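Summary of structural features
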Amino acid sequence: MKIARILNLVALFAMLVSALVVYRIKYQATYQAEEVERLERQIAREREDINALGALWAQLDRPDRIQMLAEKHLGLTYADPRQNVTADQLPRRAPKVDQIADIMASLGGDDKPLAAEPDDPIARTIKAMGLAVPTKEDRADRTLKALGIGTSGTEQ
Amino acid sequence: MKRSSGPRRLSTLRVRLAAAGFLAVFLAIGGKLILLGALPDPQNKARFDAEAALATRRPDIYDRDGRLLATDIRAASIFAEPNRMIDPDEAAEEIAAVLPDINAKALHESFSNKKSGFVWVRREVTPKQQREVHRLGIPGIDFLNEQRRIYPNGDLVSHAIGSVNIDNQGIAGFEKYLDRVHDVSTDGKTRPKPVEMSLDLVVQQAVRDELAKGLAKYKAKAASGLVMNVNTGEVIAFVSLPDYDPNVPADALKPNNINRLSVGVYEMGSTFKALTLAMALDSGKVKLTDRFDARQPLSYGGFKIHDFHATHRILNVPEVFVHSSNIGTARIAMEVGVDGHKAFLKKMGLLDRLQTELPESASPIVPKNWGTLNTITISFGHGLSVTPLQTLAATDALVNGGYLMKPTFIKRTHEEAMKEAKRVIKPETVAKMRYLMRLNAQIGSARQADIPGYRVGGKTGTAEKVINGRYSNDKVMCAFTAIFPSDKPEYSLLVMIDEPQGIPETHGFHTSGWNAAPMTGKIVARIAPLLGVVPDFNPPPNDPPGVAAASLVVNGE
């Protein structure tokens, strides 16, 4: 009799707990379902926006609009067929000259050796390319010429 | 007894009364429910129909490089429910104030019908208009989202793409084709697979720009340009000026805006000589070195055929082509004969209606009783009217290795094209045609189209237009067909200009070599780099195939 009563109580308690759990799960499931729906709606909305922006981009990217803008602001003309070459037709790259290093050398570095090894990267590069390293005077001359300050001949 | 029975009877009566009352209420509700479920609802039917129509979604259309040509975007439409309106007159006035171009009177009338449950106020409004109407806060005015077709490139691609009506159904061009192949979704959710057209938007724009400049320069009535890939039959550019903005579909119906490339049929003039020569060379009855007498006009059945640039001498086949000799071409066609000529043009698809994806197409105008005189005139492009599109497709077959391919507006590969291609010309003839086309650009009438590096080959054609039943001298239709690079053709081009005028720069001439040819040259110079054609400034000499160069002396202009 007593056991039956305890069992009854346990069963009642279990029922209450399970009802609570089911209620919670159901509530959560509803919430998640709403969340899924909300996200789906948002995705659809974002897709529509992407679509509309894509259309707007296409409108701004119209070739005739680009041509009009290029003619108005850039002053470019059409490419000449001669500008269209294959890679093997290109001339060899010219030796790279560091103008700033040249200017610095010509301004303050009279007493310092210009093409001193090993800390002159330009000289190193030039040597690595198998070319003659220009002397101090050469580099100063070229820099002055590039800047349009007359030739070294008149200054000396 | 009597005293106690009274109240009891009364209470029984009360209970019965209450039961009867509840029964009546529930019966009423139940009855209404049955009515709602069983009977159609006329007030809301219009609205449900409208919602169903809005669900149509069309595929996005891209060009061959993935540039957007057409898409659906969401647009709001305003509708009214007059049965829910409090003050229809005021509502109509307020809406008319926000949407000034609306018919206020019609709005009044439709709002005053209290029975009606759904009327459109305005379809596809801008977001700004939607906000303004929303802000009015009129009861009984609401919005529906629907898909609206937009063409971001406007008039750049008009005839090829066609247009749709307000319910998003294709009514012209490629759009109508999409409806025919059921590429549209009607459930409103799934987005159909995008479609890639064969067009190249940048090439299309370059062609259109040069045509518009030519149209203005030569004061012509109309101009059209067509670029095709000769090895796949793809249409790369399709321009017919004047054109229209597909966002305003009503303009498509204006007669002057017709699609001149596949709906217009024309006598193509001397550009047809390429076909005549290919026919004769392919038949084996005529060799490159054969000579034809062009000293005197050709008389046949009371008609006299003259040459426009008369040479008054005996010409070999390349000279006939380079001088565009009508007499020589007619004599060459007569070697093949009427039946052979007819069979050849039939084989090239020039006597039947050409049907591509575009629903708009016209049948050629073929003479009913085709005699020798017809063969003579058709040999140089008079007396047979065909569409420019089918002419270029036939010309492609002369130079691409001999395969006739049906033009298409959908991107495809060479292999796919070869599955349906039909061999119509021998490879030896193809080599000769490439030689002749190139030669004409070197020493003939097509010199103004010879852009250095791109080995352009071409043929001019000036057809006199028929005005009041007679060929007119000053009203002409100029055409130019070109191929490049002619040693191994990749692209072909057809430019037509309707009624160009002679201007000082052309020394008053209005023939094709002075307008269509230089226009073609400008187009080639612009589009060849876009299409990835590599220029070659030291091409191999253009020697006649199968003949020792010394035995064939060609004197140019």
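Below you will find a few notes about this structure. Not measured: the values here are computed from a predicted model. (Residues numbered from 1 in each chain as written. Chains lettered and ligands numbered in written order. Predicted model: local features only at pLDDT ≥ 70, side-chain atom pairs only at ≥ 80, totals over all residues. Heavy atoms only, no water.)

Counting its regular elements, chain B contains 16 helices and 20 strands. Expected size for 557 residues packed as a compact globule is a radius of gyration near 24 Å; at 34 Å, chain B overshoots this value by more than 25%. Over its C-alpha atoms, taken along the principal directions, chain B stretches across nearly 145 × 50 × 45 Å. Evaluated residue by residue, chain B yields a buried proportion of 53% over its 557 residues. A fraction of 72% describes how many contacts in chain B between residues 6 or more apart in sequence connect residues 24 or more apart. Seen as two clouds, the 69 positive and the 60 negative side-chain charges of chain B have centres 6 Å apart. (Helix = DSSP H or I, 4+ residues; strand = E, 2+ residues; numbered from the N terminus. Rg over C-alpha atoms; globule rule 2.2 N^0.38 Å. Buried < 20%, exposed > 50% of the residue type's maximum accessible area, 1.4 Å probe, protein only. Contact = heavy atoms within 4.5 Å. Lys, Arg positive; Asp, Glu negative; His and termini not counted. Charge placed at Lys NZ, Arg CZ, Asp CG, Glu CD.)

What follows concerns the overall build of chain A. The helix and strand inventory of chain A stands at six helices and zero strands. Sorting the 156 residues of chain A into buried and exposed places 13% on the buried side. Considering only contacts within chain A whose residues lie at least 6 apart along the sequence, 35% involve residues at least 24 apart.

Residue and element names in this part refer to chain B. In total, this model carries seven aromatic pairs over all chains according to the counting rule given. Measuring from centroid to centroid gives 5.2 Å for F118 and W120, while their planes differ by 75°, and the two rings are edge-to-face. The class for W120 is partly exposed, based on a relative accessible area of 28%. Within the aromatic cluster, the residues linked to one another by ring pairs are F79, F118 and W120. The ring of W120 carries the charged tip of R123 above its face, separated from the ring centre by 4.6 Å. (Phe/Tyr/Trp six-rings, centres within 6.5 Å; stacked < 30°, edge-to-face > 60°. Lys NZ or Arg CZ within 6 Å of the ring centre and 35° of its normal.)

Another aspect to go through is the interface of chain A and chain B. Much of the literature gives interface size as the accessible area that the parts lose upon coming together. In this complex, chain A contributes 18 residues to the contact, which on the side of chain B involves 30 residues. Summed over both partners, the interface of chain A with chain B comes to about 1,800 Å²; 55% of that surface belongs to carbon and sulfur atoms. Contact with chain B buries area across many residues of chain A, yet E48, P63 and P81 of chain A alone supply 28% of it, more than any other trio. At the boundary of chain A with chain B, the tally comes to two salt bridges. A salt bridge links D155 of chain B to R62 of chain A, with the shortest nitrogen-to-oxygen separation between them at 3.1 Å. Breaking the side of chain A that touches chain B down by element, the ones donating at least two residues are helix 1 (2-60) and helix 2 (63-74) of chain A. Of all the elements, helix 1 of chain A adds the most residues to the side of chain A that touches chain B, at nine residues. In terms of residue class, the side of chain A that touches chain B is made up of six nonpolar, six polar and six charged. (Buried area = accessible area lost by both parts, 1.4 Å probe. Salt bridge = Lys/Arg side-chain N within 4 Å of Asp/Glu carboxyl O. Nonpolar A, V, L, I, M, F, W, Y, C, P; charged D, E, K, R; others polar.)

Attention now moves to the side chain of T481 of chain B. All names here are of chain B. On the secondary structure map, T481 appears in strand 19 (residues 470-484). When its relative accessible area of 2% is taken as the criterion, T481 is described as buried. Residues within four places of T481 in sequence aside, it is in contact with T271, L392, T395, G457, G458, K459, L493 and L494.

Along the polypeptide, S224 of chain B turns up in strand 8 (residues 222-229). Not counting residues up to four positions away in its chain, the partners in contact with S224 of chain B are L211, V239, S240, R260, L261, L494, V495 and M496 of chain B.

Here we take up the environment of E416 of chain B. All names here are of chain B. Within the secondary structure, E416 is located in helix 14 (residues 414-420). Residue classification places E416 among the partly exposed positions, given a relative accessible area of 38%. A polar side-chain atom of E416 sits 3.0 Å from the main-chain amide nitrogen of T413. (Polar contact = N/O pair within 3.5 Å; in protein donor to acceptor, adjacent residues only side chain to side chain.)

This part is about the pattern of salt bridges. For the structure shown, the criterion picks out 34 salt bridges over all chains. Here E505 of chain B makes a salt bridge to K217 of chain B, at a shortest N to O gap of 3.1 Å. You can see E505 of chain B sitting in the loop between strand 20 (491-498) and helix 16 (516-530) and its partner K217 of chain B sitting in helix 7 (residues 201-217), a full 288 residues away along the chain. Residue K217 of chain B is classed as partly exposed on the basis of its relative accessible area of 27%. One network of salt bridges, in which partners are shared, links R62 and D64 of chain A together with D155, R208 and D243 of chain B.

What follows is about the pairing of strand 19 of chain B. All names here are of chain B. Taken together, the 10 bridges between strand 18 (residues 457-467) and strand 19 define a ladder with antiparallel strand orientation. Bridge pairing in strand 19 places K459 opposite T481. Two elements, strand 19 and strand 20, share eight bridges in a ladder whose sense is antiparallel. Bridged to M477 within strand 20 is D498. Count of turn residues in the strand 19/strand 20 antiparallel hairpin: six residues. (Pairing = 2+ DSSP bridges.)

Below, the discussion takes up the side chain of S270 of chain B. Residue and element names in this part refer to chain B. Along the chain, S270 falls in the loop between strand 10 (266-267) and helix 8 (273-283). Under the relative-accessibility criterion, S270 is labelled buried at 11%. One polar contact links S270 to S324, side chain to side chain, over a distance of 3.4 Å. Excluding its chain neighbours within four sequence positions, the residues that come into contact with S270 are S324, F380, K459, T460, G461 and T462.

Another point: the packing of helix 7 of chain B against helix 16 of chain B. Residues and elements named next belong to chain B. Where helix 7 meets helix 16, the axes come as close as 10 Å, and the angle between the chain directions of the two elements is 165°. The angle between helix 7 and helix 16 places the two elements in the roughly antiparallel class. The element helix 7 and its partner helix 16 pack so that their crossing is right-handed. Together, V202, V203, Q205, A206, V207, D209, E210, L211, K213, G214 and K217 of helix 7 and M519, K522, I523, R526, I527 and L530 of helix 16 make up the contact between the two elements. Tallied by class, the residues present in the contact of helix 7 with helix 16 amount to nine nonpolar, two polar and six charged. (Axes fitted to C-alpha atoms, helices over the stretch in contact; angles between N-to-C directions. Parallel < 35°, antiparallel > 145°, perpendicular 65-115°, else oblique. Left-handed = near helix turned anticlockwise from the far one by under 90°.)

On to the sheet that holds strand 9 (residues 235-241) of chain B, then. Sheet strands pair by backbone hydrogen bonding; their relative direction is either parallel or antiparallel. Residues and elements named next belong to chain B. In spatial order, the strands read 9-8-20-19-18; together these five strands make up an open sheet with antiparallel pairing. Edge strands, defined here as strands with exactly one partner in the open sheet, are strand 9 and strand 18. Strand-to-strand twist across the sheet, computed as the mean angle between neighbouring axes with direction ignored, equals 15°. Of the strands in this sheet, strand 18 and strand 19 touch helix 15 (residues 427-443), which is tilted by about 80° from strand 18.

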